[in-house]
Amino acid sequence: MSVSVVIPCYRSARTLPTLVSRIVSTLSQVSVRHEILLVVDGSPDETWETAAALARSIEGVRAVNLSRNYGQHNALVAGIREAAHDVVVTLDDDLQHPPEQIPRLLAALEGDRLDLVYGVAVEEEHGFLRNLASRSVKAGLSGALGIRTAQEISAFRAFRTRLRDGFRGLSGPHASIDVALSWATAKVGSVQVQMNQRAHGRSNYTVRMLFRHAMNMLVGYSAAPLRAASYLGFLAGVIGLVLGVGVLWRFAVGDTTVAGFTTVASMVALFSSAQLFAIGMLGEYVGRIHGSGMGRPTYVVRERVGPFHAADRPEEPVIPVHAGAGSGPGE
C-alpha cells in the first residue's frame, strides 16, 4: 500500500514543519511508500513560502499554491486530483489530527471490506458551540442527503484513490468531499483516534463557516429544501382551506361578524412567509445554476513545487463557459 497525504493549508506556517516531520517519521516507521501534498489555499501569511521550502528540502513533499482562497473542500479536491498513490489520507494543518494515528486508518483499509475510513475523535476537541454546529451539519447530511454514516464524518479520513473517479466531473465553487465520496462507495467505516487541541492560534473554521458549509451541502447536493418549501406551501394551503371553510360556515349560520385585524394580519404574514421561503429556495437553486453556467472553477492552481508529472494527475474536468457569461464575484 502506498499513501498520498493531502493537507489543505491556511495560516499554518508555524505548524507545517512539525506536521510534515511527524508524518514522514510515522510513515517511515511502518515502511509505507508515501508522498505529502501541501495545498495552500490562498493563505495571506508565509504559509506558501514555508510549504515551498519543505517541498524543495524533503523528498516526497509537493506543494500546490491556489490562486486565491477557495475553501477547505475545494483545496482538498485539488490535492486529491494531484495524488499519485493507492490511498489518500486527508488531515488538518493545525496538529489536531495526530499523524501518529494514520496507521490506524490504513489498517482499517486492509482487505476489501472498506473503501473509506474516518477517524472519529474519542473526545470532541472543540468548544460547545463548534461541536453543536458540527453535529448539526452531520445530522443534515444523514437526514437530508441520506448518508447513513454521516455522524462519523470527520476531516481525518483515508480512502482508496480510485474513488476520485466517482467525482471526476465535479466542478463549480461549492464542493463537498464527503458528499462526493458517498457517490463512489457504500463501504464506509470508522476508527476511534485521539485528537489534540490546536497547536497555535484559533480555528479558521468558525460556526458561521460550518453553517455556510451545511447550506452548500443541502442546496448543492440535495433537493430536500425544495421539498421542504413544497410541504410548507401545502401546510399553508391546508390552513387557508380550514379558515375558508370556517368563514363560509359562519356566513351560512348568519354570523357575519368580521374577524379582528390582528387575526387577518397574522394569516397574511403566515402565507407571505411561506411564499417568500419557497421563492428564496428557488432563488438559491437558480443562482447555483447561473453560477455553473458562468463556469466558475472549483480551484485554479497558481504554481507547484516538487516532482510533479502529468501522468500523476487525472485530467481535470473542462468546465464549459456559455456565450455571454461573465465571471462571478469571489466569495
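Preceding this section is the structure that the text describes.
Note that the coordinates shown come from a computational prediction; the quantities given were computed from them, not determined experimentally.

So, how was this worked out
Along every chain, residues carry numbers that run from 1 in the direction the sequence is written. Only residues with pLDDT of 70 or above have their local features reported here, since the model is predicted, and side-chain atom pairs are shown and tallied only from 80 upward, although totals for entire chains, interfaces and linings are computed over all residues. Excluding hydrogens and water, the side-chain figures rest on all heavy atoms present in the structure. Burial status follows relative accessibility: with a 1.4 Å probe on protein chains alone, a residue under 20% of its type maximum counts as buried, one over 50% as exposed, and anything between as partly exposed. Runs of H or I in DSSP of at least four residues are treated as helices and runs of E of at least two as strands, each being numbered from the N terminus. Any two strands with at least two DSSP-identified bridges between them are counted as paired. Exposure above 30% relative accessible area and the lack of any salt bridge qualify a residue for a patch; like charges then connect within 9 Å, and the nonpolar side chains Val, Leu, Ile, Met, Phe, Trp and Tyr within 5 Å. Methods summary: accessible areas were calculated by the Shrake-Rupley approach with a probe of 1.4 Å, and residue burial reflects only the protein chains presented. One speaks of a salt bridge when a side-chain nitrogen belonging to Lys or Arg is within 4 Å of a carboxyl oxygen belonging to Asp or Glu. Axis lines are fitted to C-alpha atoms, over the contacting stretch for helices. Their N-to-C directions set the angle, which ranges from 0 to 180 degrees. Only heavy atoms matter for contacts: two residues are in contact if any of them lie within 4.5 Å across the pair. For this classification, under 35 degrees means roughly parallel, over 145 means roughly antiparallel, 65 to 115 means roughly perpendicular, and everything else is oblique. Left-handed describes a crossing whose near helix is turned anticlockwise from the far helix by less than a right angle; the clockwise case is right-handed. Asp, Glu, Lys and Arg are counted as charged, while Ala, Val, Leu, Ile, Met, Phe, Trp, Tyr, Cys and Pro are counted as nonpolar; the rest, among them Gly, fall into the polar class. Any pair of nitrogen or oxygen atoms within 3.5 Å is treated as a polar contact; in protein, a donor-acceptor pairing is required on top of that, and neighbouring residues in sequence qualify only through side-chain atoms on both sides.

1. Some remarks on the pairing of strand β6 (residues 157-160)
Part 1 of the reasoning: Burial of the side chains of β6 extends over both faces: Arg157 and Phe159 are buried on one face and Ala158 and Arg160 on the other.
Part 2 of the reasoning: Both strand β4 (residues 87-90) and β6 contribute to a ladder of four bridges, which runs antiparallel. Of the residues in β6, the one forming a bridge with Val88 is Phe159.
Part 3 of the reasoning: When strand β5 (residues 116-121) meets β6, the two strands line up antiparallel, connected through three bridges. Residue pairing for β6: Val117 is matched across the bridge by Ala158.

2. Remarks on the pairing of β5
Part 1 of the reasoning: Here β5 pairs with strand β7 (residues 188-193) via six bridges, running parallel. Within β7, the residue paired with Ala121 across the bridge is Val193.

3. Focus on a nonpolar patch on the surface
Part 1 of the reasoning: A contiguous nonpolar patch, built from Phe234, Val238 and Val242 and spanning about 310 Å² of accessible area, is present on the exposed surface.
Part 2 of the reasoning: Tracing the backbone through its elements, the reader meets Val238 in helix α8 (residues 224-252).
Part 3 of the reasoning: Taking the relative accessible area as the measure of exposure, Val238 reaches 36% and is therefore partly exposed.

4. What to know about the sheet that holds strand β2 (residues 33-40)
Part 1 of the reasoning: Here we have eight strands laid out as an open sheet, ordered β7-β5-β6-β4-β1-β2-β3-β8, and mixed in their pairing. The sheet is open, and its two edges are formed by β7 and β8 (301-305), each paired on a single side. Each strand axis lies, on average, 20 degrees off the axis of its neighbour in the sheet, ignoring direction.
Part 2 of the reasoning: Against the sheet, helix α1 (residues 16-29) makes contact with β1 (2-9), β2 and β3 (61-66), and its axis sits at roughly 160 degrees relative to β2, the strand it touches most.
Part 3 of the reasoning: Together, β1, β2, β3 and β8 form the strand contacts of helix α2 (residues 47-57), whose direction differs from that of β3 by roughly 150 degrees.

5. What to know about the environment of Gly237
Part 1 of the reasoning: Tracing the backbone through its elements, the reader meets Gly237 in helix α8.
Part 2 of the reasoning: By relative accessible area, which is 41% here, Gly237 ends up partly exposed.
Part 3 of the reasoning: Linking Gly237 and Ala274, residues 37 residues apart in sequence, is a C-alpha distance of 9.7 Å.

6. Quick look at the packing of α1 against α2
Part 1 of the reasoning: Packing of α1 against α2 brings their axes to within 10 Å, and their N-to-C directions diverge by 30 degrees. As the angle between them shows, α1 and α2 are arranged roughly parallel. Remark: the crossing between α1 and α2 carries right-handed chirality. The residues of α2 that touch α1, namely those facing Leu16, Pro17 and Val20, are Thr47, Thr50, Ala51 and Leu54.
Part 2 of the reasoning: Within the contact of α1 with α2, the residues separate by chemical class into five nonpolar, two polar and no charged.

7. Considering the side chain of Thr185
Part 1 of the reasoning: Here Thr185 lies in the loop between α6 (177-184) and β7.
Part 2 of the reasoning: Engagement of the side chain of Thr185 in a polar contact is seen with the backbone nitrogen of Lys187, the distance being 3.0 Å.
Part 3 of the reasoning: Filtering out sequence-adjacent residues up to four positions away, Thr185 remains in contact with Asp115, Leu116 and Leu163.

8. Here we look at the pattern of salt bridges
Part 1 of the reasoning: What the rule picks out here adds up to seven salt bridges.
Part 2 of the reasoning: Linking Glu100 and Arg22 is a salt bridge whose minimum nitrogen-to-oxygen distance equals 2.8 Å. One end of the pair, Glu100, is in the loop between β4 and α4 (102-108); the other, Arg22, is in helix α1, and 78 residues separate them in sequence.
Part 3 of the reasoning: Taking the relative accessible area as the measure of exposure, Arg22 reaches 23% and is therefore partly exposed.
Part 4 of the reasoning: Residue Glu35 pairs with Arg62 through a salt bridge whose shortest N-O separation is 2.5 Å. Residue Glu35 is located in strand β2, and its partner Arg62 is located in strand β3; the two are separated by 27 residues in the primary sequence.
Part 5 of the reasoning: When salt bridges that share partners are traced, they join Asp115, Arg160 and Arg162 into one network.

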